[in-house]
Amino acid sequence: MKREKVNFIKSSIVPLPISNIDTDQIIPARFLKATDRNGFGDNLFRDWRFDENNNPENNFPLNNPKYKGTILLAGENFGCGSSREHAAWALFDYGFRVVIAPSFADIFKENALNNGLLPIELSQELCNSILNETKQDPSTELEINLENQSVRVIVSGEQEYFKINAYKKSCLQNGLDDLDYLIQLRPDIEQFEKAQKKEVIATNEI
Amino acid sequence: MKTLFDKIWDKHLVKTLDESSVVLYIDRHLIHEVTTPQAFTAIKAKGVKVFRPSQTTATADHNVPTKNQHLPIVNAASRNQVDTLTENCETHGIEYFGLGHKNQGIVHVIGPELGLTQPGMTIVCGDSHTSTHGAFGTIAFGIGTSQVAQVLASQCMIVTKPKTMRIIIDGELNHNVDAKDVILHVLKALGSNGGTGYFIEYAGRVIEEMSMEGRMTICNMSIELGARGGLIAPDQQTFDYLKNKERVPKGTQFIDAVDKWAKLKSEPQAIFDQEYLFSGEEIQPMITYGTNPGMGVQVEEEIPNALNNSDKKALAYMGFESGQSLLGTPVNYVFVGSCTNGRIEDFRKVANYVKGKKKASNVKAYLVPGSQKVLEQIKEEGLMDVFNAANLEVREPGCSACLAMNEDKIPSGEYCVSTSNRNFEGRQGAGAKTLLVGPLMAAAVAIEGKIVKL
């Protein structure tokens, strides 16, 4: 799949300062019946965004016209629970390109990185600070530089560096995915299989 | 000095890409209808077929009805997803256990019972509860759909090595305490992100003496700790369970396999990045009161104080207050099933409790076997008669009300005592309120219509 290249991102923030947001909240299971990747953004945070009669919940930050932007700011352990990649698709499809949180669940982080959605872990202190500044002034913007692995709050100048897997970083910067690489690695994989003599490899023929 | 995890990991390393990323070989790939259609589309777009179809096994579980499985699926979107899986398996020559097949069931229940799961393997599936298979001494973990495509296309994945954690549970378990209580106790202590970044090995006397079913329950919920997975060194119990399973080698080949499997243990001096020690005696029957599996208490304890806004939000959703006891809370829905507690041992425990009793009139109970084989066993062992006499209906296999993708939904506002793995908001149906328990408590609530002491 061809991807957008990720490098610099400058945007205001949508704050959702809740801990342990699980992927069932990001995209409830009843919306996982599709066989393609499109349109999941409509049901992003469905049961928090809309009431039982499908009316928008006005208190929910995504429904608050004050908050706009491609950066979601969330609480710790974002994306826990189900491995559904639909969660990353829904966030991306809705328009987010970055999620910032003090920590992420492992599978969500990988799914995000595989879809050009940048998960950035910042200290709880800086997350709190960004949250407060955004609440006071929703036009507060962040500047994200993937090459330098830095996040800077533009007005206050606060800055922090984040970690990212070097291989994934290069995939994001070049708009590549793992699939092409692994397909061209097939001869090496066959060699590996022979070398291991299928020692631990089961087959259905047993 | 290697841990068990290191031993299996190292044997599956195809290539090292940089200090953090490696290409890892996958022995066994399990697939189901919900997280695979886009993966098949992705490899089709690359113009390749499945690289090693004989190492992939498919079943339909997440989206299937648990009644009238012999009839076409009523919901068009669910039917389409199952049909898409059927077609993809035909196109690529993948073995498929669809509705009506004697091997159909929840993907993590059928793997072990067919012997597709064997010690020392790497196993993945587009489902977070793939950690279940770790009970057999495997590296098994859940993956996203992009990674499903990678495995279909190359039988490999690009991954980062997790850190290692050991959780030792020593001593002995109290009466009426089982594997579910053990893992809910650990979750209460470590929290729902206590294992993030780690792969867990469970050890200690309680684990050694536990049945394979119990070990699967514990490994299953490793993901609720945030861990990539959890495993247990294979031992005589493991070998006894696997002997004569359909896909396990037979005769002298089995003896050779056991010799090899018996070496799969952490070396005595192996160092883990993190270790925790619990004693079996401190564990009591558990129940959750909040909206993540770490929010649990002993059944007789009061709900603790909310520490932050997220805790307060959870209590408000559940309709509970700090300091409240859950004992006596009326509950109208009970779910027994899922990859956590949908195996024969779980149904035996429920049957043993409900024998000679009647379901409470306020309760609607879903008893959903994890597989066709479990359903058959329920019939063979005479448990069906016990359930019928107690007015408890046994349905057909599938994931069912664990995630409510099919018709088995808990109505908004209702409590459901559930043997499944997640109490997230709306997990069992929009607005439903889940309390996670073991099979014994589920049985008790089905009979009493409220939460009671065990």
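Our subject in this report is the structure included herewith. (Residues numbered from 1 in each chain as written. Chains lettered and ligands numbered in written order. Predicted model: local features only at pLDDT ≥ 70, side-chain atom pairs only at ≥ 80, totals over all residues. Heavy atoms only, no water.)

1. Examining the environment of Gly230 of chain B
All names here are of chain B. As a reminder, the rule being used: In DSSP terms, a helix is any run of H or I states spanning at least four residues, a strand is any run of E spanning at least two, and both are numbered starting from the N terminus. Per-residue accessibility, obtained with a 1.4 Å probe over protein chains only, is compared with the maximum for each type, and a residue is labelled buried under 20%, exposed over 50%, and partly exposed between these values. By the convention used here, residues are in contact when the closest approach between their heavy atoms is within 4.5 Å.
Along the chain, Gly230 turns up in strand 11 (residues 229–231). Residue Gly230 is classed as buried on the basis of its relative accessible area of 0%. Between the C-alpha atom of Gly230 and that of Tyr202, which follows or precedes it by 28 residues, the distance is 7.0 Å. Dropping the residues within four chain positions of it, Gly230 is found in contact with Ser131, Gly134, Ala135, Phe199, Ile200, Tyr202, Cys219 and Ser222.

2. Some details on the sheet that holds strand 15 (residues 333–336) of chain B
Residue and element names in this part refer to chain B. Rules: Strands pair, by our definition, only if DSSP identifies at least two bridges between them. An axis is simply a line fitted to the C-alpha atoms; with a helix, the fit covers only the stretch in contact. Between two such axes, the angle follows the N-to-C directions and lies from 0 to 180 degrees.
The strand order across the open sheet formed by 4 strands is 16-15-17-18, and the pairing between neighbours is parallel. This sheet does not close on itself; its edge strands, each paired only once, are strand 16 (364–367) and strand 18 (433–436). For this sheet, the mean angle separating the axes of adjacent strands, direction not counted, is 20°. As paired elements, strand 15 and strand 17 (residues 415–418) share 3 bridges and run parallel to each other. Counterpart to Val334 in the pairing with strand 17 is Val417. Taken strand by strand, helix 16 (residues 439–448) contacts strand 15 and strand 17, and its axis lies near 145° from that of strand 15.

3. A short note on empty space enclosed by the protein
All names here are of chain B. Selection rule: As defined here, a cavity is a set of points on a 1 Å grid over the protein atoms alone where a 1.4 Å probe fits but cannot get out. A pocket is an open set with protein on both sides within 12 Å along at least five of seven lines, and residues line them when an atom is within 4 Å of a point. Grid points are joined across faces, edges and corners, and a volume is the space filled by probe spheres set on the points. For every domain, the bounds stem from an assignment made automatically or drawn from a database.
As enumerated under the stated definition, the model contains 3 cavities of 30 Å³ or more in all. When its volume is computed, the largest cavity comes out at roughly 220 Å³. Secondary structure elements with two or more residues in the lining of the largest cavity: helix 4 (107–114) and helix 12 (338–341). A domain split of the lining of the largest cavity shows at least three residues from each of domain 1 (1–284) and domain 2 (286–448).

4. Some remarks on the layout of surface pockets
By rolling a water-sized probe across the atoms, one finds the places where empty space is left. The following threshold applies: For this classification, the nonpolar set comprises Ala, Val, Leu, Ile, Met, Phe, Trp, Tyr, Cys and Pro, the charged set comprises Asp, Glu, Lys and Arg, and every other residue, Gly included, is treated as polar.
Of the pockets and cavities examined, the largest pocket occupies roughly 960 Å³. If you trace the largest pocket, you find 36 residues lining it, with Asp106, Lys109 and Asn165 of chain A together with Thr160 and Gly197 of chain B closest to the centre. Listing elements by their share of the lining of the largest pocket, those giving two or more residues are helix 4 (106–113), strand 4 (118–121) and helix 6 (166–174) of chain A together with helix 1 (4–11), strand 7 (139–142) and strand 8 (156–159) of chain B. Of all the elements, helix 4 of chain A adds the most residues to the lining of the largest pocket, at 4 residues. In the lining of the largest pocket, the residues fall into 15 nonpolar, 11 polar and 10 charged. Within this model, the second largest pocket holds a volume of roughly 710 Å³. Residue lining of the second largest pocket: 30 residues in total, with Asp47, Trp48 and Glu57 of chain A together with Lys313 and Glu425 of chain B positioned closest to the centre. For the lining of the second largest pocket, the secondary-structure elements that each account for two or more residues are strand 1 (8–16) and helix 2 (46–49) of chain A together with helix 11 (309–318) of chain B.

5. Regarding the packing of helix 6 (residues 179–190) of chain B against helix 8 (residues 212–220) of chain B
Residues and elements named next belong to chain B. The following threshold applies: Roughly parallel refers to an angle under 35 degrees, roughly antiparallel to one over 145, roughly perpendicular to one between 65 and 115, and oblique to any angle outside these ranges. Each helix crossing is assigned a hand: it is left-handed if the near helix lies turned anticlockwise from the far helix by less than a right angle, otherwise right-handed if that turn is clockwise.
Interhelical geometry of helix 6 versus helix 8 gives an angle of 25° and a closest axis separation of 8 Å. The orientation of helix 6 relative to helix 8 falls into the category roughly parallel. Where helix 6 crosses over helix 8, the two elements pack in a sense that is right-handed. Every residue of helix 8 that contacts helix 6 at Ala179, Lys180, Val182 and Ile183 is listed here: Gly214, Thr217 and Ile218.

6. Comments concerning the sheet that holds strand 7 (residues 159–161) of chain A
Residues and elements named next belong to chain A. As summarised here, the arrangement of the 7 strands in space is 4-3-2-1-5-6-7, forming an open sheet in which the pairing is mixed. Strands with a single pairing partner mark the edges of an open sheet, and in this sheet they are strand 4 and strand 7. The mean inter-strand angle of the sheet, taken between neighbouring strand axes irrespective of direction, is 25°. Strand direction decides the pairing type here: strand 1 and strand 5 (residues 141–145), joined by 5 bridges, are antiparallel. Among the inter-strand pairings, Phe8 is bridged to a residue of strand 5, identified as Asn145.

7. With respect to the environment of Lys433 of chain B
Residues and elements named next belong to chain B. With respect to the helices and strands, Lys433 occurs in strand 18. In the structure, Lys433 is positioned 204 residues away from Gly229 in sequence and 27 Å away in space, judged by C-alpha atoms. Residues within four places of Lys433 in sequence aside, it is in contact with Tyr317, Met318, Gly319, Gly413, Glu414, Tyr415 and Cys416.

8. Some details on the packing of helix 13 (residues 344–354) of chain B against helix 14 (residues 372–380) of chain B
Residue and element names in this part refer to chain B. Two elements in contact, helix 13 and helix 14, have axes separated by 10 Å at closest approach and are oriented at 35°. Handedness of the crossing formed by helix 13 with helix 14: right-handed. Together, Ile344, Phe347 and Arg348 of helix 13 and Val374, Gln377 and Ile378 of helix 14 make up the contact between the two elements. Class assignment of the residues belonging to the contact of helix 13 with helix 14 gives a composition of 4 nonpolar, 1 polar and 1 charged.

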